[in-house]
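Remarks on the overall topology
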Amino acid sequence: MAHHERSFLPDNESIARMLEETSLCYEMAGVAFKPRAYERAAAAVRALAEDVCAVYRKHGREALDALPGIGPSIAQHIADICDHGSFAEYEELKRRFPVAVRELTAIEGLGPKRLRTLYEMFGVRTIDDLKTLLEKKSHKLAGIPGWGEKTVARLREGLALTQKAQGRQPLGFILPLAERVAARLREVPGVREVQIVGSFRRKKETVGDIDILVATSRPQLLAREVVSLPEVTYVHQQGPSRTSVRLTFGMDMDVRAIEPERWGAALLYFTGSRAHNIHLRTYAESLGYKLNEYGLFQGKRCVAVRTEEEVYEALGMQYIPPELREDQGEIEAALAHKLPDLVPYGSLQGDCQVHSNWTDGTLSIEAMARAAYESGLSYIVLTDHTKALAMTGGLDEAALARQRREVEKVNRAFRREGREFRVVHGAEVNILKDGTLDVSDKALARLECVGVGVHSYFTLSPKEQTRRLLRAIEHPLVDIFFHPTARIIGKREPIAFDVETVLEACARTGTALDIDSYPDRIDANDALVRRALQKGVRLVVSTDSHAPQHLSYRELGLGQARRGWAGAKDILNTQPVDRFLASLKRSRALS
DNA sequence: GCCGTTTTCGGCCCGACTGTTTTCAGTCG
Ligand SMILES: Nc1nc2c(ncn2[C@H]2C[C@H](O)[C@@H](COP(=O)(O)OP(=O)(O)OP(=O)(O)O)O2)c(=O)[nH]1
Ligand SMILES: [Mg+2]
Ligand SMILES: [Mg+2]
Ligand SMILES: [Zn+2]
């Protein structure tokens, strides 16, 4: 085939969406098992740090086939997408169901089967079509089997609610709200234990809803209390064991009640992920067990239920930390007793990216340092912006020199007080369009730690962007590559570059990759961390704090590091300051 | 369509809530 190479390759997200659409169309068609296969393949594409098309171009179709959940057929489909923008089966399904399946099935209560009826009987292809049908022609639905009055009313409400929904939100922004609701539930009589579970417990970068598990002796009372919480604006469902509601800030909340004795099995179920649960249950079945939220059973006999540890143990596995439960190889690793020792929470000794009011931070260097000290750290790297970021009052070489004297003054104060804390003088230096930096080498050499980041020219071609990043990473005085994709969740797409090449450059030069923990950055994220570790890249965790309350975001960064299978030894700032400094590129070059 | 857990061919997680189809389908967690 004379295949002309497309210059703008589809990104992983759009490929994953095509695979999901295929899955939904097969569900509409009533085909069994293929939907799950396409759904798994979509998840595999999303879990990839590299562009799947780049993998295909570099390593061929076999490399796609080797990915878990992707076999020969879907590998060919992906190859076709990369080469031609689509694949035959997809086009065929879209001809049969020329319907906005993802948008329409996102409506609460509307799934593939009902959508098929709406399309085939009333020609509903879009949300607007559905609105018209429900607003102006709903009499047409009367008398259709399975479309009673209440069903139609629920669909109408579902549509309105879905349009008002906020969508996925950064974990760090929603966590305080979820904790407030959880605290209220702890006050309900009969309640023994309350835990926020689902994607919160797994520390996913964004959360789609709030899932709360409650151990209680009085489930009915709990349900009544849930629906009368002040934050609740709508009740989706209310049964003896599960209540589902919409909250004031546009998120849904699922509360699951369970008998206290069944805590472990229920926690396992409600923590997920769905893919992890399915895999675990399938494996349990192969051993002759049945696993559900009430326990692990052999016939009628309950084999394990009290704790998650018991359940994993009974299945012959190591305990799998929640952050790994994505069906990305953790079950196989746990069976082989080869899970990594994940970096513990609370194990950071320093914060590698902190701003002061010398640029766009809110506090003085000293005040920020004291806040960091109080929060339990023993050092921060002060990383104010440099001059190309004019709107932040970025520092030039002279200002950096003045700032150094201030840093030393603060450090002397800590020493005088006998407090084990120091400010490391660094900067967040801009990578210019051509990969050069906006500060002279002489000034960089005088700093103790230099981080670089992209703050401009976000939309260069992947080739240009890669060349730009390589030049910065290869600079001998650059220690850390900050927020590597520069994405801002909900606001700015990640920059496009050749991930493999850039990570190899980091590994080769000893440049550390940053996990920026600010909630709408989370950059590097889980997928990129995992790929970086496979390439031998070293990491740091930073908060990008501009105010003292941001310092606690470092635990989110650790959560993401854990999701990327990182251990303490992979993260430079789990070390005390001397060893941290000695492990930076600039020091290693000297020794 | 994928995969090796019993199986390279045969099986694919399991349960809650809703509406209305008197026995279950659809949707969702
Ligand atoms: N066994 C099983 N468990 C499921 C299924 N769907 C969801 N769960 C469990 C695992 C999920 O983590 C948990 C909560 O469901 P959610 O839909 O809220 O998903 P989750 O919180 O993982 O992600 P989210 O951020 O809400 O999109 O319920 C399923 O199909 N089967
Ligand atoms: Mg959830
Ligand atoms: Mg949920
Ligand atoms: Zn920055």
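Residues numbered from 1 in each chain as written. Chains lettered and ligands numbered in written order. Predicted model: local features only at pLDDT ≥ 70, side-chain atom pairs only at ≥ 80, totals over all residues. Heavy atoms only, no water.

Moving on: the state of the cysteines. What we call a disulfide is simply a covalent bond connecting the sulfur atoms of a pair of cysteines. Here the structure, examined in full by the defined rule, presents one disulfide. Paired by a disulfide, cysteine 53 and cysteine 82 hold their sulfur atoms 2.1 Å apart. Handedness of the cysteine 53-cysteine 82 disulfide follows from its S-S torsion of about -90°: it is left-handed. Of this pair, cysteine 53 sits in helix 3 (residues 52–59) while cysteine 82 is found in helix 5 (residues 72–84), placing the two residues 29 residues apart along the sequence. On the accessibility criterion, cysteine 82 (0% relative accessible area) is buried. (Disulfide = S-S within 2.5 Å. Helix = DSSP H or I, 4+ residues; strand = E, 2+ residues; numbered from the N terminus. Buried < 20%, exposed > 50% of the residue type's maximum accessible area, 1.4 Å probe, protein only.)

Any two of four tetrahedral donors ideally make an angle of 109.5 degrees at the metal, while pairs among six octahedral donors ideally make 90 or 180 degrees. Distances from the magnesium ion (ligand 3) to its protein donors, Asp209 (OD), Asp211 (OD) and Asp254 (OD), fall at 2.0 to 2.3 Å. Motif for the magnesium ion (ligand 3), donor spacing along one chain: D-x1-D-x42-D. A distance of 3.5 Å spans the gap from the magnesium ion (ligand 3) to the magnesium ion (ligand 2), which aspartate 209 bridges by coordinating each metal. Of the residues examined, aspartate 211 reaches a relative accessible area of 8% and is grouped as buried. (Donors = N, O, S within 2.8 Å, 3.2 Å for Na, K, Ca; no water.)

Looking now at the side chain of glutamate 323. Looking at the element boundaries, glutamate 323 is found in the loop between helix 16 (308–314) and helix 17 (330–335). Look at glutamate 323 and you get buried, because its relative accessible area is 3%. Within the structure, glutamate 323 has its side chain in polar contact with the side chain of tyrosine 345 (distance 2.5 Å). Non-local contacts of glutamate 323, meaning those with residues more than four positions away in its chain, are made with Arg202, Lys203, Tyr345, Gly559, Arg562 and Arg563. (Polar contact = N/O pair within 3.5 Å; in protein donor to acceptor, adjacent residues only side chain to side chain. Contact = heavy atoms within 4.5 Å.)

What surrounds DNA strand B is a group of 53 residues, the closest being Gly69, Gly71, Gly148, Ser286 and Tyr294. Take lysine 113: an N or O atom from its main chain is 3.1 Å from a phosphate oxygen of DNA strand B. Within the backbone of glycine 148, one N or O atom sits 3.2 Å away from a phosphate oxygen of DNA strand B. For the surface near DNA strand B, the element with the highest residue contribution is helix 15 (residues 274–286), accounting for eight residues. Of the residues in the surface near DNA strand B, the class split is 19 nonpolar, 16 polar and 18 charged. (Near = heavy atom within 4 Å. Nonpolar A, V, L, I, M, F, W, Y, C, P; charged D, E, K, R; others polar.)

Attention now goes to the packing of aromatic side chains. Within the structure shown, the criterion is met by eleven aromatic pairs. A centroid spacing of 5.7 Å and a plane angle of 40° characterise the contact between phenylalanine 87 and tyrosine 90, whose relative ring orientation is tilted. Using a relative accessible area of 11% as the deciding quantity, one classes tyrosine 90 as buried. Summarising the aromatic geometry, the rings of tyrosine 518 and tyrosine 553 are spaced 5.4 Å apart at their centres and angled 85° between planes, so their arrangement reads as edge-to-face. With tyrosine 518 in the loop between strand 16 (512–516) and helix 23 (526–534) and tyrosine 553 in the loop between strand 17 (539–542) and helix 24 (554–563), the pair connects residues that are 35 residues apart, well separated along the chain. Overall, the relative accessible area of 21% leaves tyrosine 518 in the partly exposed class. On the basis of relative accessible area, tyrosine 553 is assigned to the buried category, the value being 17%. Positioned above the aromatic ring of phenylalanine 414 is the side chain of arginine 370, whose terminal nitrogen or guanidinium carbon lies 4.9 Å from the ring centre. (Phe/Tyr/Trp six-rings, centres within 6.5 Å; stacked < 30°, edge-to-face > 60°. Lys NZ or Arg CZ within 6 Å of the ring centre and 35° of its normal.)

In this section: the side chain of serine 244. One can find serine 244 in strand 6 (residues 242–247). Classification of serine 244 as buried rests on a relative accessible area of 9%. Setting aside chain neighbours within four positions, we find serine 244 in contact with Val235, His236, Gln237, Met253 and Asp254.

For strand 16, a buried count of five out of five residues is recorded, marking the element as mostly surrounded by other parts of the structure. Burial of the side chains of strand 16 extends over both faces: Ala512, Asp514 and Asp516 are buried on one face and Leu513 and Ile515 on the other. Note that strand 15 (residues 480–481) and strand 16 share two bridges and pair parallel. Looking at the pairing, isoleucine 480 lines up with alanine 512 of strand 16. Viewed along the sheet, the connection from strand 15 through helix 22 (residues 499–509) into strand 16 turns out right-handed. Sheet topology note: the strand 16/strand 17 ladder contains four bridges and is parallel. What sits directly across from aspartate 516, in strand 17, is serine 542. At this point the chain moves from strand 16, through helix 23, to the parallel strand 17, and the crossover so formed is right-handed. (Pairing = 2+ DSSP bridges. Right-handed = clockwise from strand over helix to strand, strands pointing away.)

With that settled, consider the domain arrangement of chain A. Many structure descriptions define interface size as the accessible area lost when the parts assemble. By domain assignment, chain A separates into domain 1 (12–165), domain 2 (170–258), domain 3 (277–335) and domain 4 (350–589). Each of domain 2 and domain 4 has a C-alpha centre, and the two are 36 Å apart. If you look at the interface, domain 2 gives nine residues, while domain 4 gives twelve residues. For the pair domain 2 and domain 4, the two sides together bury roughly 820 Å², of which 64% comes from carbon and sulfur. Interface area lost by domain 2 to domain 4 is led by Phe173, Lys203 and Glu205, which between them contribute 57%. With three residues, helix 11 (residues 171–186) is the single largest residue contributor to the side of domain 2 that touches domain 4. (Domains from an automatic or database assignment. Buried area = accessible area lost by both parts, 1.4 Å probe.)

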